[in-house]
Amino acid sequence: MSTDYEKALGRKIALNRKRRGLSQKELAGRLDRSEAWVSQVERGVRRIDRMTVLEKVADVLDIPIAELAAEAPIIAATTEPDAPGAARLRLLLSAAHSLNAILGRHEPPDVAALRADVDRAWELTHAGRYTDLADLLEQLVPRLENAARSAPEHQHPELFRLLAATYHTCSAALATMGEPEAAWIAADRAVVAAEQANDPLLMAAGAFRLSIVFLGARHYDQAAQASGTAAEALRPLTDTGQPQATALRGALTLQRAIAAAHTNQADDAYRYLHEAREMAQQIGEGRNDYNTEFGPTNVGLHEVSVAVELGDAGIALRAADTIDPSALSTERQTRFHLDVARAHTQRRQTNEALHALLKAHQLSPEMVHTMPMAKQLVADLLTMATTAGQEPPQRLRALATEVGLAV
């Protein structure tokens, strides 16, 4: 949406709020939102990007939805319909690998080589190198499906664990690329493989991946349900002090915080952050159980994400100033700089937002090119510059061209 539209919408909401004699705090209460959220919407610095939310605003203000939505422009489409690797990963999930594995004849598997390739798949996923990941998975998934069904029985648990981990990489990549339906399929297959391996912690890791998929699809209740029920199921293991279970439960609790922030349940979101921070302090840094990267630094990164989602840009930026994300994966660092850019954008600090966005691009051009959130940030910064009567910076124009936006 354009900034002009957002400002016009904000003025309409403020006018009708005042006509009804409501304060920003009172309107926020009726919408189950924060007062900061209402203030940002009315100032045109926060987007209402779901029709269900706009309908609720119209209902509370007792005005026709058409009065608020009539001038909404169409968001510009990108010139590239598929993110690099996305179509290939969708096709990979569509093939009958398990059927072929059951009916075909196969050589005994090289488990060590398979294990090394799974580790490589996670390296590519954490680096945001999705084209290379697709190259690897197109060969690795059929090999693992075959191996899990042709190997001696005593090797089945490990092979199904490797298969689950591989489907996790596929789900993580597809979720980042804005492909929630395919990511959901991959995550579900990972859970099934974890069940066949009889590995409860790996099943919990599957719930973690599913919650990320649901967040990307804006199914926030499902994200909260997936992460919440899995986190509670792990409680008996964490009560005995198992560090892997604690790390997984902490990672799931961070997803609960993000889901709560998306539904503007600020108290719950910050409470989950507090719980996750306590778990992170128990296990310390330097762990990466089930590729969740859970630890104190990652909790800090999620504090920034939560604050941005709640419209608390000041809290987000203050938290960001205390974080050194360099020990985490490229993927996590890239997301961190994108969240910082979002916080600066909420404050209309365009130079600072562009600086953070370019840091993210320097870390992982492929992630920035594929993530819908990153593309929207580029579009927002272009619009802000144009609306202010300024020529967009050359670096921003070049980035817009790279991600497929018309300049």
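Note that this is a predicted model, so its numbers are computed, not measured.

Novice: Give me the lowdown on the overall build of the chain, citing residues and values where you can.
Specialist: If you tally the helices and strands in the chain, you get 23 helices and zero strands. Its C-alpha radius of gyration of 22 Å places the chain within 12% of the 22 Å reference for a compact globule of 407 residues. When each of the 407 residues of the chain is scored for burial, the buried share is 54%.

Novice: Give a description of the packing of aromatic side chains that names residues and reports values.
Specialist: If you walk through the whole model with that rule in mind, you get one aromatic pair. Ring geometry for Trp184 and Phe214: centres 4.8 Å apart, planes at 90 degrees, overall edge-to-face. Residue Trp184 is located in helix H11 (residues 180–196), and its partner Phe214 is located in helix H12 (residues 200–216); the two are separated by 30 residues in the primary sequence. Trp184 sits in the partly exposed class, given a relative accessible area of 35%. Assessed through its relative accessible area of 7%, Phe214 is described here as buried. A cation over a ring is seen here: Arg33 above Trp37, with NZ or CZ 4.7 Å from the ring centre.

Novice: Please set out the environment of Gln282 residue by residue, giving values where relevant.
Specialist: The topology assignment puts Gln282 in helix H16 (residues 266–283). Judged by relative accessible area, Gln282 falls into the exposed class, the value being 58%. A sequence separation of 39 residues divides Gln282 from Pro243, and the C-alpha atoms of the two residues are 8.1 Å apart.

Novice: Explain the layout of surface pockets residue by residue, including any values.
Specialist: Considering only enclosed or pocket space, the second largest pocket measures out at about 340 Å³ in volume. Considering the residues around the second largest pocket, the lining is formed by 16 residues, among which Trp122, Ala165, Leu202, Tyr290 and Asn291 are closest to the centre. Those elements giving two or more residues to the lining of the second largest pocket turn out to be helix H8 (111–127), helix H10 (156–176) and H12. Its residues placed into classes, the lining of the second largest pocket shows seven nonpolar, four polar and five charged.

Novice: Provide a residue-level description of the confidence of the model for the chain, including the pertinent values.
Specialist: The share of residues in the chain with pLDDT of 70 or more is 92%, and the mean pLDDT across the chain is 88. Every residue in residues 70–81 scores below 50 in pLDDT, and together they form 15 contacts with partners more than four places removed in sequence or on other chains.

Novice: Requested: an account of the packing of helix H18 (residues 313–321) against helix H19 (residues 330–346), with residues and values cited.
Specialist: The N-to-C vectors of H18 and H19 enclose an angle of 140 degrees; their axes lie 9 Å apart at closest approach. As the angle between them shows, H18 and H19 are arranged oblique. Crossing of H18 over H19 shows left-handed handedness. Together, Ala313, Ala316, Leu317 and Ala320 of H18 and Phe336, Val340, Ala343, His344 and Gln346 of H19 make up the contact between the two elements. Partitioning the contact of H18 with H19 into residue classes produces seven nonpolar, two polar and no charged.

Novice: Which residues make up the nonpolar core, and what are the values?
Specialist: In this structure, Leu89, Leu137, Phe294 and Val378 are the most contacted members of the largest nonpolar core, which totals 115 residues. The greatest single-element share of this core, amounting to 11 residues, is contributed by helix H15 (residues 243–262). Sequence-distant contacts of Val378, that is, excluding residues within four places in its chain, are made with Leu357, Leu396, Leu399, Ala400, Val403 and Leu405. If you look at the next biggest cluster of nonpolar residues, it comprises 18 residues, including Ile13, Ile48, Val53 and Leu54.

Novice: Please set out a nonpolar patch on the surface residue by residue, giving values where relevant.
Specialist: Together, Leu99, Ile102 and Leu103 give the surface a local cluster of nonpolar side chains, amounting to about 350 Å² of exposed area. For Leu103, the location among the structural elements is in helix H7 (residues 97–103). Under the relative-accessibility criterion, Leu103 is labelled exposed at 67%.

Novice: If you had to explain the pattern of salt bridges to someone new, which residues and values would you point to?
Specialist: For the coordinates displayed, the defined rule picks out 20 salt bridges. Residue Arg88 pairs with Asp135 through a salt bridge whose shortest N-O separation is 2.3 Å. Separated by 47 residues along the polypeptide, Arg88 in helix H6 (residues 86–94) and Asp135 in helix H9 (residues 130–150) bring together distant segments of the chain. Overall, Asp135 belongs to the partly exposed group, its relative accessible area being 39%. Taking the shortest distance from any N to any O, the salt bridge between Arg143 and Asp117 comes out at 2.8 Å. Residue Arg143 is located in helix H9, and its partner Asp117 is located in helix H8; the two are separated by 26 residues in the primary sequence. A relative accessible area of 35% means that Arg143 is categorised as partly exposed. Within the structure, one salt-bridge network assembled from shared partners comprises Arg88, Asp135 and Glu138.

Novice: For helix H23 (residues 394–403), give the residues involved together with the corresponding values.
Specialist: Taken as a whole, H23 has its buried residues at Leu396, Leu399, Ala400 and Val403. Mapping the buried residues of H23 onto a view down its axis gives an arc of 105 degrees, with all of them on the same face. Every exposed residue of H23 that faces more than 90 degrees away from the buried side is listed here: Gln394 and Thr401. In this fold, the buried residues of H23 make contact with helix H20 (350–363), helix H21 (365–370) and helix H22 (372–387). Looking one or two residues beyond H23, the residue adopting positive phi is Gly404, at roughly 90 degrees.

Cut-offs used in this document
- Residues numbered from 1 in each chain as written.
- Predicted model: local features only at pLDDT ≥ 70, side-chain atom pairs only at ≥ 80, totals over all residues.
- Heavy atoms only, no water.
- Helix = DSSP H or I, 4+ residues; strand = E, 2+ residues; numbered from the N terminus.
- Rg over C-alpha atoms; globule rule 2.2 N^0.38 Å.
- Buried < 20%, exposed > 50% of the residue type's maximum accessible area, 1.4 Å probe, protein only.
- Phe/Tyr/Trp six-rings, centres within 6.5 Å; stacked < 30°, edge-to-face > 60°.
- Lys NZ or Arg CZ within 6 Å of the ring centre and 35° of its normal.
- 1 Å grid on protein atoms, 1.4 Å probe; cavity = no way out; pocket = protein on both sides within 12 Å on 5 of 7 lines; lining within 4 Å.
- Points joined across faces, edges and corners; volume = space filled by probe spheres on them.
- Nonpolar A, V, L, I, M, F, W, Y, C, P; charged D, E, K, R; others polar.
- pLDDT = per-residue confidence, 0-100.
- Contact = heavy atoms within 4.5 Å.
- Axes fitted to C-alpha atoms, helices over the stretch in contact; angles between N-to-C directions.
- Parallel < 35°, antiparallel > 145°, perpendicular 65-115°, else oblique.
- Left-handed = near helix turned anticlockwise from the far one by under 90°.
- Core = buried A, V, L, I, M, F, W, Y, C linked by side-chain atoms within 4.5 Å.
- Patch = residues over 30% accessible without salt bridge, like charges linked within 9 Å, V, L, I, M, F, W, Y side chains within 5 Å.
- Areas by Shrake-Rupley, 256 points an atom, 1.4 Å probe, with all protein chains shown as cover.
- Salt bridge = Lys/Arg side-chain N within 4 Å of Asp/Glu carboxyl O.
- Arc of directions from axis to C-beta.

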